Every structure is written in C-alpha cells, then in structure tokens.
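Letter by letter, the chains look like this.
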Amino acid sequence: MTEIKTTCCVVGGGPAGMMLGFLLARAGVRVVLLEKHEDFLRDFRGDTVHPSTLELMHELGLLDEFLKIPHSAVRQMSMQIGHDHITIGHFEHLPVQCKFIALMPQWDFLNFLADHGRRYPSFTLRMRNEATDLILDNGRVTGVRAKTPDGEIEIRADLTVGCDGRHSILRERAGFSVENLHAPMDVMWFRVSRSNNDPADVVAHVESGRMMVMLNRNDYWQCAFVIPKGTADKVRHAGLDRFRTSVGEIAPMLRGRLHEIDSWDKVKLLTVEVDRLRQWYRPGLICIGDAAHAMSPIGGVGINLAVQDAVASANILAEPLRQGRVTIGTLKQIQERRNFPTRVTQRLQILMQNNLIGPALASEGAQLHAPWFMKMMQLPLLRRIPGRLLAFGVRPEHIHSPSA
Ligand SMILES: Cc1cc2nc3c(=O)[nH]c(=O)nc-3n(C[C@H](O)[C@H](O)[C@H](O)COP(=O)(O)OP(=O)(O)OC[C@H]3O[C@@H](n4cnc5c(N)ncnc54)[C@H](O)[C@@H]3O)c2cc1C
C-alpha cells in the first residue's frame, strides 16, 4: 500500500479545509489535502462570501484578484414576513474594504484558494481521495486511510484536521460526542431563470406554511424552498404540479418560468442539521468547520464560520507544526478560541428557528408577523447590529500565520 508522509493532513476541500490548507502551505508547513470529489462543481453549496472573508482576502493581498471572479454584491438583506418588510442587514457602515456580501458560486471560491495553494511547493491537493478511517498508534491519531482511483493509500501526519463537513467520517471514527440541537426544516434546492426586470437582491419570503429564499446568480435564481423536516416524500408524492403551484404562490414573479422545473431530478433535497462536538480534538486530530459544528443555513453564515475556524487554526498551528511540537494544549487552544463564536451563532440560529421558521412552517392560513426582536432591530439605534453580526460573526479573525 502506498504511504505518504506529511506534516498536516487536511481531510475535506470545503471552505474550512481549503482555507486551512492554503494558509498552512503559505506558512511553509507541508500539507496534504484530501477531497473525495473530482471537482468543486456541486450545486448544493452556499454561495455567500461575507465582508469578513473579503477582508481576509485583503489582508492576504488577494482582494483585487478575487473580485475579478464574476459575483454579485448584496449591500442590504431584507425579508418579507407576511405583510411585514424587515431589513435584516445593512452593510454600508462597516469599517471594511468591501461593504457587501459577494454572491459567488462556491466552486469559484474554492478553485481560487486551490490555485493559490498550488503556488506553494508544500501544498498537495489530492482530488478523488476519500478518507475512510483513522490510523491509530497507542490511542494517538497518526493519519488516515483513503480510497483513491489507484487503490487504498495511507497518509501519515503529525496532525490530521477533519474538515469533512456535517457527515464527517473522521469525527465518527474518533468517537467524538455530538450535541444535537435539532432543526425543524429541510430545504428543496432548484434553479429558475432570471429575467432582466427581476430585483437584484436576495429575495426571502416567509408565509404561513412555507418559506423561500432566492439567491441571484446573474442568469438564474438559486431557490431554497423550505419545508418542515422529514416531509420531502410527502411533497414529492403530492406531485410536481402542486410543488410548482406552491412555489408560484410564494414567488409570483417566477410563475411564467416554473415549467423549467420539469422533473424531480432538478429539485435536490438538502437535509438541515445543527449540532456541535463537545470536544473537538484528541491527540493527533482536531475537527473544525461543519465537522465540529454543523450549521443551519439561517443567515448564510456557515461558510463564514468555517473560514474563521480555518484562520484561527492556522494562526495557532503554523509555528508549532513547523517546529514539530503540536500538543493537546495547542488543539485545546483552537476549540477555546472558536467555541464561543460557534455557540453564539448557533444560539441565534435556534432563536430564528424557534420564533420564526418553525412556527411559520407549522401554521396553516394564519396571518404571519415578524417576531418582536426582528422589529426592534429596525430602530435606528439598533439596526446596525444584525448587519455587523451577519458580516463579521462573533470574534472575527485576522491573518497572523506567517508567509514563508
Ligand atoms: C441547505 C443549506 C444551505 C446553506 N447555505 C449556506 C449559505 O448560503 N451560506 C453559508 O455561509 N452557509 C450555508 N450553509 C452552511 C454551509 O454549507 C456550511 O456551514 C459550510 O459549507 C461548512 O464548510 P466546511 O468546509 O466545514 O464543510 P463542507 O462545505 O461540507 O465541506 C466538506 C468537504 O469535505 C469533503 N469530504 C467529505 N467527506 C470526505 C472524506 N471522507 N474524504 C475526503 N473529503 C471529504 C466534501 O466533499 C466537501 O468538499 C448551508 C447549509 C445548508 C444545509
């Protein structure tokens, strides 16, 4: 069996893994990054690049190049809840280079990081390499086994980082204990073409019994139709006509175009999970991003949090990895740094779930109103708070890992 030796093995090429792999390679650490798919061209990923991530690009000197990738800029986010129009984020007052959320297909974001990672000789990205198990030596994780097109391989590393998302095999094999916070919804994800007269911004509607969010991807809308958890079979069973009618009722401007959804193959089900690990690490292994804390799509902040985890991890790990002295204390430092932002963000998502989305999906025919705390945030003195939270999250990170 082929055996590869490296300093850090990162499993999963999503936002967390790709950012971490790039930053560690930039710091001169030998990194092998495993991604199970052959490319990043998958349509179920979030597309939001937040002001804090754009600020990191600026700190890295990559912002101008990054903004050349086609994107649309969201400068304000609002939501229609019954008859209440609620602004949930203004970004124009933020003290950063980019006062907007860039909506960009996630594969462009990931390809950008991969291309920059490849500029460093210490960076190895192995696509179609799926980690299948941990390698243990006296209870310490010393690497992973992976399935590749050429057979099974072993990657031996001083440290393994699980960035393999909400269904992380690494966290399962490590026996980490998971706290499940539950989500009341799942999402049906599909595309409908855009017309020149459509609005440019994100469109979010919550009505009695249903909810839909539409993301502008220039020539089409990426639509998220939110359904009560576990009801996808019921929706499918009711038929495509009924589904198209429901979509048309909540988004009347799409009515003339809904024939484009002519098969269930064009509607992907995304199951929403919200959970977190009680402890993110054990000797030789740490999990970050969704592998440590699966995020709900509410607020579109999961990518942001994953990137922030990666930046904090690189800041803390770069030097100890270079010197071969990563201890359990080093890994504990990462969880201590990122636990607080994770808990606060999940708490806010649960607040929205319990006070808006859950009740809206469960209600039948009642007139909906925005919850009191959302109305309060419309007051001039308070309206900056949700914008800041959406843009930066809690405890924003900055690049301190070195450039070798
Ligand atoms: C319906 C839905 C919509 C969402 N929309 C948004 C949004 O608009 N904005 C936002 O910020 N967040 C959104 N989120 C949350 C966001 O997707 C996640 O929080 C974020 O992607 C986490 O990044 P990650 O790198 O930790 O994990 P992931 O993005 O899940 O990446 C994990 C990577 O690991 C790879 N992988 C998995 N297992 C293995 C293995 N065994 N070996 C090798 N590779 C492996 C996967 O292929 C994947 O590339 C949404 C979530 C859901 C459920």
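Trainee: Help me understand the pairing of strand β5 (residues 76-81), please; the structure alone is not making it clear to me.
Mentor: Looking along a regular strand, one sees the side chains alternate between the two faces of the sheet. Relative to strand β6 (residues 84-90), β5 runs antiparallel, the two sharing six bridges. Paired with glutamine 76 across the two strands is histidine 90, which belongs to β6. Hairpin connection, β5 to β6: the antiparallel pair is bridged by two residues, and glycine 82 has positive phi, about 55°. Here β5 pairs with strand β14 (residues 203-207) via two bridges, running parallel. Bridge assignment links isoleucine 81 to a residue of β14, and that residue is valine 206.

Trainee: Would you take a moment to explain the nonpolar core for this structure?
Mentor: As a rule of thumb, soluble globular proteins bury nonpolar side chains together. One finds Met19, Leu24, Leu34, Phe66, Phe109, Val144 and Ile288 to be the most contacted residues of the largest nonpolar core, which totals 79 residues. Sort the elements by how many residues they give to this core and helix α8 (residues 302-323) lands first, with 10 residues. In this structure, Val74, Phe91, Ala204 and Val226 belong to the second largest nonpolar core, which totals 38 residues.

Trainee: Please explain the sheet that holds strand β13 (residues 185-193) as it appears in this structure.
Mentor: Through backbone hydrogen bonds, the strands of a sheet pair up, either in parallel or in antiparallel fashion. The strand order across the open sheet formed by seven strands is β6-β5-β14-β15-β16-β13-β17, and the pairing between neighbours is mixed. Strands at the two margins of the open sheet, each flanked by one partner only, are β6 and β17 (268-271). In this sheet, adjacent strand axes meet at a mean angle of 20° when their direction is disregarded. The sheet contact formed by β13 and β17 spans four bridges and is antiparallel. Note on β17: the bridge partner recorded for tryptophan 189 is lysine 268. Contacting β13, β14, β15 (210-216) and β16 (220-228), helix α7 (residues 240-250) crosses the sheet at an angle of about 75° to β15.

Trainee: Any chance you could explain the packing of helix α1 (residues 15-26) against helix α4 (residues 106-118) here in plain terms?
Mentor: Two measures define how a pair of helices packs: the angle their axes make with one another and the distance between the axes. Relative to each other, α1 and α4 sit at 20°, their axes nearing to 9 Å. Taken together, the axis directions place α1 and α4 in an arrangement best described as roughly parallel. Along this stretch, α1 crosses α4, giving a crossing that reads as left-handed. In contact with Pro15, Met18, Met19 and Phe22 of α1, α4 contributes Gln106, Phe109, Leu110, Leu113, Ala114, His116 and Gly117. Within the contact of α1 with α4, the residues separate by chemical class into eight nonpolar, three polar and no charged.

Trainee: I tried to follow the pattern of salt bridges on my own but got confused; where do I start?
Mentor: Where side chains of opposite charge bring their charged atoms close, a pairing between them can arise. With the rule as written, the count across this model stands at 26 salt bridges. Here arginine 119 makes a salt bridge to glutamate 65, at a shortest N to O gap of 3.8 Å. You can see arginine 119 sitting in the loop between α4 and β8 (123-127) and its partner glutamate 65 sitting in helix α3 (residues 63-67), a full 54 residues away along the chain. Of the charged contacts, one joins aspartate 290 and arginine 166 as a salt bridge, the two residues approaching to 3.1 Å between their closest N and O atoms. Placement of aspartate 290 in the loop between β20 (285-287) and α8 and of arginine 166 in the loop between β11 (151-162) and α5 (169-173) is noted, with a sequence separation of 124 residues between them. On the basis of relative accessibility, which here comes to 14%, the residue aspartate 290 falls in the buried class. With a relative accessible area of 30%, arginine 166 lands in the partly exposed category. Each of Glu3, Lys5, Arg145, Glu154 and Arg156 takes part in one network of salt bridges that share partners.

Trainee: So what exactly am I meant to see when it comes to the side chain of aspartate 198 here?
Mentor: Positionally, aspartate 198 belongs in the loop between β13 and β14. Since its relative accessible area comes to 10%, aspartate 198 is described here as buried. Separated by 3.0 Å, the side chain of aspartate 198 and the backbone nitrogen of serine 195 make a polar contact. At 2.7 Å, the side chain of aspartate 198 and the side chain of arginine 257 are in polar contact. Beyond its immediate chain neighbours, meaning those up to four positions away, aspartate 198 contacts Ser193, Trp221, Met253 and Arg257.

Trainee: Would you mind going over a nonpolar patch on the surface with me for this structure?
Mentor: Residues Leu348, Leu351, Ile385 and Leu389 make up a contiguous nonpolar surface patch of roughly 280 Å² in combined accessible area. At the level of secondary structure, the elements contributing two or more residues to the nonpolar patch comprise α9 (328-362) and α11 (384-392). Residue placement: leucine 389 occurs in helix α11. Residue classification places leucine 389 among the partly exposed residues on the basis of a relative accessible area of 32%.

Trainee: Mind showing me how you'd approach α1 here?
Mentor: Residues spaced three or four apart along an α-helix point in a common direction, a consequence of the helix completing one turn every 3.6 residues. Its 12 residues give α1 an end-to-end C-alpha distance of 16 Å, which sits within 8% of 16 Å, the value for a rise of 1.5 Å per residue. The buried count for α1 comes to 12 of 12 residues, which makes it a mostly enclosed element.

Trainee: Explanation requested: α7 in the structure shown.
Mentor: Buried residues of α7: Leu240, Phe243, Arg244, Ser246, Val247, Gly248 and Ile250, and no others. Those residues of α7 that are buried are in contact with β13, β14, β15, β16 and α6 (232-238).

Trainee: In this structure, what is going on with unusual backbone geometry? I would like to understand it.
Mentor: If a residue is not glycine, its phi is most likely negative; likewise, a peptide bond is most likely trans. Of note, the phi angle at arginine 128 is positive, near 55°, even though the residue is not glycine. Within the fold, arginine 128 resides in the loop between β8 and β9 (130-137). For arginine 128, a relative accessible area of 44% puts it in the partly exposed group. The backbone of arginine 395 shows a phi angle near 55°, a positive value even though the residue is not glycine. When you line up the elements, arginine 395 lands in the segment after α11.

Trainee: Got a minute to help me understand the sheet that holds strand β7 (residues 101-103) in this structure?
Mentor: Read from one edge of the open sheet, three strands run β3-β7-β4, paired in antiparallel fashion. The open sheet terminates on both sides in strands that have one partner only, identified here as β3 (48-49) and β4 (72-74).

What counts and how
Residues numbered from 1 in each chain as written. Predicted model: local features only at pLDDT ≥ 70, side-chain atom pairs only at ≥ 80, totals over all residues. Heavy atoms only, no water. Pairing = 2+ DSSP bridges. Helix = DSSP H or I, 4+ residues; strand = E, 2+ residues; numbered from the N terminus. Core = buried A, V, L, I, M, F, W, Y, C linked by side-chain atoms within 4.5 Å. Buried < 20%, exposed > 50% of the residue type's maximum accessible area, 1.4 Å probe, protein only. Axes fitted to C-alpha atoms, helices over the stretch in contact; angles between N-to-C directions. Contact = heavy atoms within 4.5 Å. Parallel < 35°, antiparallel > 145°, perpendicular 65-115°, else oblique. Left-handed = near helix turned anticlockwise from the far one by under 90°. Nonpolar A, V, L, I, M, F, W, Y, C, P; charged D, E, K, R; others polar. Salt bridge = Lys/Arg side-chain N within 4 Å of Asp/Glu carboxyl O. Polar contact = N/O pair within 3.5 Å; in protein donor to acceptor, adjacent residues only side chain to side chain. Patch = residues over 30% accessible without salt bridge, like charges linked within 9 Å, V, L, I, M, F, W, Y side chains within 5 Å. Areas by Shrake-Rupley, 256 points an atom, 1.4 Å probe, with all protein chains shown as cover. Expected span 1.5 Å × (residues − 1).

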